Amino acid sequence: MTSNGWLQIAFFFLLLLLAAKPLGLYMARVYERKKTWLDPVLGPVERLLYRITGINPDTEMRWTEYGAAMLIFSCATLLLSYAIQRLQGVIPIVRLNPQHLAGVEPYLAWNTAVSFTTNTNWQSYVPESTMSYLSQMTALATHNFWSAATGMALAIAFIRGISRRESKTLGNFWVDLTRGTLWVLLPICIVSSLALVSQGVVQNFKPYDTAKLVEPQTVTAPGADGKPVTTTVTTQTIAQGPTASQEAIKELGTNGGGFFNANSAHPFENPTPLTNLIEMLSMFLIPAAFCVTLGRMVGSPGHGWAVFAAMSVLWFAGVATCYWAEAQPNPLLHGVDQRVVQMGAAPSPGGNMEGKEVRFGVANSALWATVATDTSTGAVNSMHDSYMPLGGMVPLVNMMMGEVIFGGVGSGMYGMLILVIVTVFIAGLMVGRTPEYLGKKVQAYEVQLSMLYVLIFPLIILGFAAVSVLAPSFGTSSLANHGPHGLSEILYAYTSAAANNGSAFAGLNANTHWYNATLGITMLTGRFLMIIPMLAVAGSLATKKIAPTSVGTFPVNSTLFTVLLTSVILIVGALTFFPALSLGPILEHLLLRAGTSFS
Amino acid sequence: MLDLIILTVSLVFFVIAVAYVYACQSLKGGGDNA
């Protein structure tokens, strides 16, 4: 580890702190339908959209109506994405399919449609050879906006549930969706896209380029009859496309689906350290701002900052562990290998550079991996499969904690608020009083549904992972590595899907019927079957009176609250998965120290 | 044919999800939120 690396991490956090408050206050104004400086431009667009769709923006919805509207919207957009992918080969717009790519096959199209609808962006496909520009823009990038705006709307609904008194409604889903897209996501994305283009991120509709290799390569691969065939490769295809516009929302909406297969390790997606910083900030920006929005809308700014502090502590623990693990030399590399890249000397700080881009180095790779898995983004600028066992465990644990360390846009906030309910309940048990959260009594119904939310998550991950591990024909046959590393690969895939993260550990071929189907089900369950109990809690809280503060009220803006909340997240999230982790990355770490690796 | 099966499965999931909304609603007992 170097002081330069730590300074860059500190600089990133400082920028986040500076940006969170103004954006959070702005978002509160947007969702409270107060005046903003963008109203003269966006107001007419909003009114036009309501007129076309026949929506009355003043109609309020109960939580059941809000949930049903969200489900209908998600179902409709899922089917639209599926149809576009299936039909991309016959849609006669050559400019948007210059490589003449055929329609995506059904299982893969469904998996991808589910993936983008649920804000997961798990990619079982290779974008360059699977998706036309039309599909990238209309089936995938649009979902990056919609799924992000949906998550934000749901978080706002939950916050209204806390702040409203004796109300049966939580707002209007269609209004929240529209305003989140127009006022928050679009303006930031336009600025961010232009910044990325200025740094070299491509934005075009050109056919792929072909470059002649300076040094021809000899490649041996199995031929049609299974026998090895040796060929000499003299050219390289360089993919193009409308990347910057997709890259901006990919990070801002914590989506993470790469325009290219290498995701943000690709120089056309993330060419410079500055784009790397912009993209990392984009991931944390809205989830961090949501803490300020929470404080503002519930009338307790201190509570918002207390939640922010809990998120920050867990983020720092993750990045420190990951950076430390990746800055170590691999103990199995000896002699010349170790002297060259592992031990570190000027000008290289050393560490585990396998799977990492030289332009980012260890510190910015570890920071990115932590940020992208704290949030539900799942984008990668280095390959997690190549991390040291404990370094790779950090992204896994981040996701296992339920994506509440800043988390997905909106989903991180409502996930955290469910854990706040659990925390307040535990605090109430400790002192023997009826738990209250900002003056709202937390009773059996809220706790039951909060626990339902908490328990669905490990159930789907561990259930499908267990079946996959026990099935050599369709489960372990997809693995590139055996032993504990193989378990980590399977566990990572289902955790990533359930947490709607979408990052891949690599090493697992997930483009099979089993993995496409079960990961699809995991993504749907991890999104919608967790949202519904959350909305039910919000709906129930909204109906309650707000009790005046008394000496028995547990303060939710104190350091004690932050400590208790952090402990609850660790206990509920991490310990649930500790047995699985001990058989995966922890065992692999110990065996690596003893001189064993798994290929 | 496979398209139809996949579309049906998707729709069934969302119908189950809507039913789940009302199941969560019905969990609420009387007198809890006085």
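Residues numbered from 1 in each chain as written. Chains lettered and ligands numbered in written order. Predicted model: local features only at pLDDT ≥ 70, side-chain atom pairs only at ≥ 80, totals over all residues.

### Re the overall build of chain A
Each helix and strand counted, chain A has 20 helices and four strands in total. In summary, chain A has a C-alpha radius of gyration of 24 Å against a globular reference of 25 Å for 599 residues, a match within 12%. Every one of the 599 residues in chain A was classed for burial, and the buried ones make up 54%. Within chain A, residue pairs in contact and separated by at least 24 positions form 79% of the contacts whose partners lie at least 6 positions apart. (Helix = DSSP H or I, 4+ residues; strand = E, 2+ residues; numbered from the N terminus. Rg over C-alpha atoms; globule rule 2.2 N^0.38 Å. Buried ≥ 20, exposed ≤ 12 C-beta atoms within 10 Å, placed from the backbone. Contact = placed C-beta atoms within 7 Å.)

### A word on the overall build of chain B
Tallying secondary structure elements over chain B gives one helix and zero strands in all. Taken across its 34 residues, chain B has 18% of its residues classed as buried.

### So, the interface of chain B and chain A
Each partner contributes to the interface: chain B provides 19 residues, whereas chain A provides 24 residues. Here the side of chain B that touches chain A is built from residues that sort into twelve nonpolar, four polar and three charged. (Nonpolar A, V, L, I, M, F, W, Y, C, P; charged D, E, K, R; others polar.)

### Regarding the domain arrangement of chain A
Structurally, chain A comprises domain 1 (24-207 + 241-288) and domain 2 (209-238). If you average the C-alpha positions of domain 1 of chain A and of domain 2 of chain A, the two centres end up 38 Å apart. (Domains from an automatic or database assignment.)

### Let's talk about helix α14 (residues 411-431) of chain A
Residues and elements named next belong to chain A. Between its first and last C-alpha, α14 extends 30 Å over 21 residues, near the 30 Å set by a 1.5 Å rise per residue. Of all 21 residues in α14, 16 are buried, a share of seventy percent or more. Where α14 terminates, the next one or two residues include G432, which has phi positive at roughly 75°. (Expected span 1.5 Å × (residues − 1).)

### Overview of helix α16 (residues 483-498) of chain A
Residues and elements named next belong to chain A. The end-to-end C-alpha separation of α16 is 23 Å, in line with the 22 Å expected for 16 residues at 1.5 Å each. With respect to burial, α16 is a largely interior element, 15 of its 16 residues being buried. N500 occupies a position one or two residues after α16 and carries a positive phi of about 55°.

### What about the nonpolar core?
Nonpolar side chains in soluble globular proteins tend to end up buried together. All names here are of chain A. Counting residues in each nonpolar core, the largest one holds 176 residues, and the members touching the most others are F158, L419, I421, M534, L535 and A538. Of all the elements, helix α6 (residues 133-163) adds the most residues to this core, at 16 residues. Ignoring any residue separated from it by four or fewer positions in sequence, one finds I421 in contact with Y437, V442, E446, S450 and V537. (Core = buried A, V, L, I, M, F, W, Y, C linked by C-beta atoms within 7 Å.)

### Observations concerning the packing of helix α3 (residues 63-87) of chain A against helix α1 (residues 2-26) of chain B
In a pair of packed helices, the angle between the axes and the distance between the axes together describe the arrangement. Running from N to C, α3 of chain A and α1 of chain B cross one another at 170°; their axes reach a closest spacing of 10 Å. Here α3 of chain A is positioned roughly antiparallel relative to α1 of chain B, judged by the angle of their axes. Of the residues in α1 of chain B, those in contact with T64, G67, A68, L71, C75, L78, L79 and R86 of chain A of α3 of chain A are D3, L7, S10, F14, A17, V18, V21, Y22 and Q25 of chain B. Considered class by class, the residues forming the contact of α3 of chain A with α1 of chain B number eleven nonpolar, four polar and two charged. (Axes fitted to C-alpha atoms, helices over the stretch in contact; angles between N-to-C directions. Parallel < 35°, antiparallel > 145°, perpendicular 65-115°, else oblique.)

### Thoughts on the confidence of the model for chain B
Residues and elements named next belong to chain B. Averaged over all residues, the pLDDT of chain B equals 80, while 82% of them reach at least 70. This stretch, residues 30-34, has a pLDDT under 50; its non-local contacts, to residues over four places away or in other chains, come to seven contacts. The ipTM for the predicted assembly is 0.86, set against a pTM of 0.91. (pLDDT = per-residue confidence, 0-100.)

### Concerning the pairing of strand β2 (residues 228-238) of chain A
Residues and elements named next belong to chain A. In terms of residue burial, β2 counts as a barely covered element, since only zero of its eleven residues are buried. With ten bridges joining them, strand β1 (residues 209-222) and β2 adopt antiparallel strand pairing. Residue T218 lies in a different strand from β2, and its bridge partner there is T232. (Pairing = 2+ DSSP bridges.)

### A word on the packing of helix α10 (residues 301-327) of chain A against helix α18 (residues 559-574) of chain A
Residue and element names in this part refer to chain A. Closest axis-to-axis distance for the α10/α18 pair is 9 Å, and the angle between their directions is 50°. Of the possible angle classes, the one that applies to α10 and α18 is oblique. Pair α10 / α18 crosses with right-handed handedness. Residue-level contacts link A306, A309, A310, V313 and L314 of α10 to F561, T562, L565, T566 and I569 of α18. (Left-handed = near helix turned anticlockwise from the far one by under 90°.)

### Comments concerning unusual backbone geometry
Residue and element names in this part refer to chain A. The backbone of R33 sits at a positive phi, close to 55°, despite the residue not being glycine. For R33, the location among the structural elements is in the loop between α1 (3-31) and α2 (39-53). Even without glycine at this site, T254 takes up a positive phi of about 45°. As for its placement among the helices and strands, T254 is situated in the loop between α8 (243-252) and α9 (273-297).

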